[in-house]
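Each chain, letter by letter, is given below.
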Amino acid sequence: MIYLSLFAISFLAATILPFSSELTLAGLIATSNYDNLLLLIVASFGNVLGSVVNWVLGFYSKNLTTKKWFPFKDKQIEKSSQWFSKVGKWSLLFAWVPVIGDPLTLAAGLLRVKFIEFLILVSIGKVSRYFLIYYFI
């Protein structure tokens, strides 16, 4: 049950909800009651999958960004798109950064970044962040 909860928190933290998957993972690792490698894998998978949802939203919903219910604000999308245009696809290595990371993954979809490139770069950044947490705790 704890692994499913970690997956859900990590997934939602990568979408529009302000969850802290890092604190959850760190707390679970610190208790030493669980398989730490499995915790790392579950958190990474959930977080990367959440970013994939953002990419899909961006890729298939260019017309929906003006809708009031759309989860990202124009300012977030504009700032992320500018940063993305300046740095390029390599900026996806920083998709884990709070505030800008989630809109960045949406911008990648809007800007039609190839899915495999998106997946590799986002995975490297997000897994590296979780690995550092895992290593230092």
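In what follows, the accompanying structure is described. Keep in mind the model is a prediction, meaning the values are calculated, not measured. (Residues numbered from 1 in each chain as written. Predicted model: local features only at pLDDT ≥ 70, side-chain atom pairs only at ≥ 80, totals over all residues. Heavy atoms only, no water.)

1. Looking at the pattern of salt bridges
In step 1: Per the stated rule, a full pass over the model turns up two salt bridges.
In step 2: Among the ionic pairs, Glu22 bridges to Arg129, the shortest N-O distance being 2.7 Å. You can see Glu22 sitting in helix α2 (residues 21-31) and its partner Arg129 sitting in helix α6 (residues 115-136), a full 107 residues away along the chain.
In step 3: Arg129 sits in the buried class, given a relative accessible area of 10%.
In step 4: For Glu117, the salt bridge is made with Lys89, and the minimal N-O distance between the two is 3.5 Å. Residue Glu117 is located in helix α6, and its partner Lys89 is located in the loop between α4 (74-87) and α5 (101-110); the two are separated by 28 residues in the primary sequence.
In step 5: For Lys89, a relative accessible area of 32% translates into the label partly exposed. (Salt bridge = Lys/Arg side-chain N within 4 Å of Asp/Glu carboxyl O. Helix = DSSP H or I, 4+ residues; strand = E, 2+ residues; numbered from the N terminus. Buried < 20%, exposed > 50% of the residue type's maximum accessible area, 1.4 Å probe, protein only.)

2. A look at unusual backbone geometry
In step 1: Phi is positive for Ser32, close to 60 degrees, though the residue is something other than glycine.
In step 2: Tracing the sequence through the fold places Ser32 in the loop between α2 and α3 (36-60).
In step 3: Take Ser32: its relative accessible area is 55%, and that puts it in the exposed class.
In step 4: The residue Arg112 is not glycine, and still its phi comes out positive at about 60 degrees.
In step 5: Using a relative accessible area of 43% as the deciding quantity, one classes Arg112 as partly exposed.

3. Comments concerning the packing of aromatic side chains
In step 1: Per the counting criterion, the structure on display carries 11 aromatic pairs.
In step 2: A ring pair is formed by Trp55 and Phe59, whose centres lie 4.8 Å apart and whose planes are at 20 degrees; its orientation type is stacked. One end of the pair, Trp55, and the other, Phe59, are both in helix α3, four residues apart, so they sit about a helical turn from each other.
In step 3: A connected cluster of aromatic rings, assembled from ring pairs, spans Trp55, Phe59, Tyr60, Phe115 and Phe118.
In step 4: The positively charged end of Arg112 is found above the aromatic ring belonging to Phe59, 4.2 Å away from the centroid.
In step 5: Of note, Arg129 hangs over the ring of Tyr130, and the distance from its end group to the ring centre comes to 4.0 Å. (Phe/Tyr/Trp six-rings, centres within 6.5 Å; stacked < 30°, edge-to-face > 60°. Lys NZ or Arg CZ within 6 Å of the ring centre and 35° of its normal.)

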